[in-house]
Amino acid sequence: MIQRLQAQIDPIRQEIVDHPIYETLNDLEDLRTFAEVHVFAVWDFMSLLKSLQRNLTSVDTPWVPVGSANTRFLINEIVTGEESDVDPAGNRISHFELYLRAMNELGANTTPIQTLIDLCRSGCPVEEALSQIDLPDGIRDFCGFTFSLIDRAPVHVQAAVFTFGREDLIPDMFHELVTRLSEKYPEQTNTFRYYLERHIEVDGGHHSQLATEMVQELCGEDPQKWEEATRASEEALKMRKGLWDVALQLNHPA
């Protein structure tokens, strides 16, 4: 059934991998603009991950076993890698914080995402926080869709969107492009390049396999769950395409 899901979402997934945004990233300013959009996906990816951990493991006291030990292992291992990886010096850091550091090196504007974090930290609901910041509709829609899943979708749907609609969508050509830019602007792109290398090593390989196993375990042999997972994954990919459309418009306004 996993193959059927992957086949059904492949057309829209390919549209994202082949998106024209990548052909427009020719200099440092283009990369800054891209990062200012992409950082919202990096952030709400972490929120979706923590929702999965909350639903698939016990995070309350008194502790009681939740779900299967195999699923608990899968999600906890992903959380460990995403929330406490290492920076180039070997210091512990989350992938989101690493991305913010990369943006600062690039000279990208981190004020919108930092404002969102501050509002959420103060207890402001996400939807309200998003409405208080001057953001393109595509970013607001993307994050709004993710948090609607977190609030209302069953865990197998959240797991499918996490697995098939998220961070394995950046194609090889993007990594090659950043490598070329890093040769021209080494001091400004070192951390961004490192982030992508960690992304390939951790997110794109081992974590991708763990996440796929998680979806298979959660959906099991239930056709309805697989159908729900497929529909949600397709919708998530459409949202990601909309996010890339925003980056393209900002880089090359009509």
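Caption draft 1: Fine view of the overall build of the chain. For the chain, the helix and strand inventory stands at 11 helices and 2 strands. When the helices and strands of the chain are placed in sequence order, the string is α-α-α-β-β-α-α-α-α-α-α-α-α. On C-alpha atoms alone, the chain measures out to a radius of gyration of 18 Å, which is about the 18 Å that the 2.2 N^0.38 rule sets for 254 residues. With the principal axes as the frame, the chain shows a C-alpha extent of 50 × 40 × 35 Å. Counting every position in the chain, which comprises 254 residues, the buried fraction comes to 52%. Nonlocal contacts in the chain, meaning residues at least 24 apart in sequence, comprise 75% of its contacts between residues at least 6 apart. Only carbon and sulfur atoms are counted for the fraction: they give 48% of the accessible area of the chain, which is about 11800 Å².

Caption draft 2: Examining the pattern of salt bridges more closely. The tally for this structure, following the rule as stated, stands at 9 salt bridges. Measuring nitrogen to oxygen at the nearest pair gives 3.2 Å for the salt bridge that ties Lys 50 to Glu 83. You can see Lys 50 sitting in helix H2 (residues 28-56) and its partner Glu 83 sitting in helix H3 (residues 69-83), a full 33 residues away along the chain. Arg 231 is the salt-bridge partner of Glu 227, the closest N and O atoms lying 3.4 Å from each other. In this pair, Glu 227 and Arg 231 both sit in helix H11 (residues 223-251), 4 residues apart, roughly one turn of the helix.

Caption draft 3: Representation of the confidence of the model for the chain in the model. Averaged over every residue, the pLDDT of the chain is 90; the share at 70 or more is 95%. Here helix H9 (residues 172-184) is the element of the chain with the lowest mean pLDDT, 80, and helix H5 (residues 111-121) is the one with the highest, 97.

Caption draft 4: Up close: helix H4 (residues 95-106). Look at H4: 16 Å from first C-alpha to last across 12 residues, which is about the 16 Å you get at 1.5 Å a residue. When H4 is considered as a whole, its buried residues turn out to be His 95, Phe 96, Leu 98, Tyr 99, Leu 100, Ala 102, Met 103 and Leu 106.

Caption draft 5: Structural detail: unusual backbone geometry. Here the amide bond leading from Thr 61 into Pro 62 is cis, since omega sits at 0°, within 30 degrees of zero. For Pro 62, the location among the structural elements is in the loop between H2 and H3.

Caption draft 6: Representation of the packing of aromatic side chains within the structure. Following the criterion strictly, the structure yields 6 aromatic pairs and no others. On the numbers, 4.9 Å between centres and 80° between planes, the contact of Tyr 99 with Tyr 195 is edge-to-face. You can see Tyr 99 sitting in helix H4 and its partner Tyr 195 sitting in helix H10 (residues 186-219), a full 96 residues away along the chain. For the pair Tyr 99 and Tyr 195, a shared accessibility class is recorded, and that class is buried. A network of ring pairs unites the aromatic residues Tyr 22, Phe 34 and Trp 244 as a single cluster.

Caption draft 7: Here's a closer look at the nonpolar core. The biggest cluster of nonpolar side chains holds 86 residues, and the ones touching the most others in it are Trp 43, Phe 96, Tyr 99, Phe 162, Phe 174, Phe 192 and Met 214. At 16 residues, the largest contribution of residues to this core is made by H2. Once residues lying within four places of it in the same chain are set aside, the contact partners of Met 214 are Leu 52, Leu 56, Thr 71, Leu 74, Ile 75, Ala 159, Phe 162 and Thr 163.

Caption draft 8: Looking closely at the packing of H2 against helix H7 (residues 137-152). Where H2 meets H7, the closest approach of the two axes is 10 Å, and the angle between their N-to-C directions is 0°. When the axes of H2 and H7 are compared, the pair comes out roughly parallel. Along the contact surface, H2 presents Val 37, Phe 40, Ala 41, Trp 43, Asp 44, Ser 47, Leu 48, Ser 51 and Arg 54, while H7 presents Ile 139, Phe 142, Cys 143, Thr 146, Phe 147 and Ile 150.

Caption draft 9: Inspection of helix H8 (residues 155-164) at higher detail. Counting buried positions over the 10 residues of H8 gives 9, a clear majority of the element. Residues His 156, Val 157, Gln 158, Ala 159, Ala 160, Val 161, Phe 162, Thr 163 and Phe 164 constitute the buried set of H8.

Cut-offs and rules
Residues numbered from 1 in each chain as written. Predicted model: local features only at pLDDT ≥ 70, side-chain atom pairs only at ≥ 80, totals over all residues. Heavy atoms only, no water. Helix = DSSP H or I, 4+ residues; strand = E, 2+ residues; numbered from the N terminus. Rg over C-alpha atoms; globule rule 2.2 N^0.38 Å. Buried < 20%, exposed > 50% of the residue type's maximum accessible area, 1.4 Å probe, protein only. Contact = heavy atoms within 4.5 Å. Areas by Shrake-Rupley, 256 points an atom, 1.4 Å probe, with all protein chains shown as cover. Salt bridge = Lys/Arg side-chain N within 4 Å of Asp/Glu carboxyl O. pLDDT = per-residue confidence, 0-100. Expected span 1.5 Å × (residues − 1). Phe/Tyr/Trp six-rings, centres within 6.5 Å; stacked < 30°, edge-to-face > 60°. Core = buried A, V, L, I, M, F, W, Y, C linked by side-chain atoms within 4.5 Å. Axes fitted to C-alpha atoms, helices over the stretch in contact; angles between N-to-C directions. Parallel < 35°, antiparallel > 145°, perpendicular 65-115°, else oblique.

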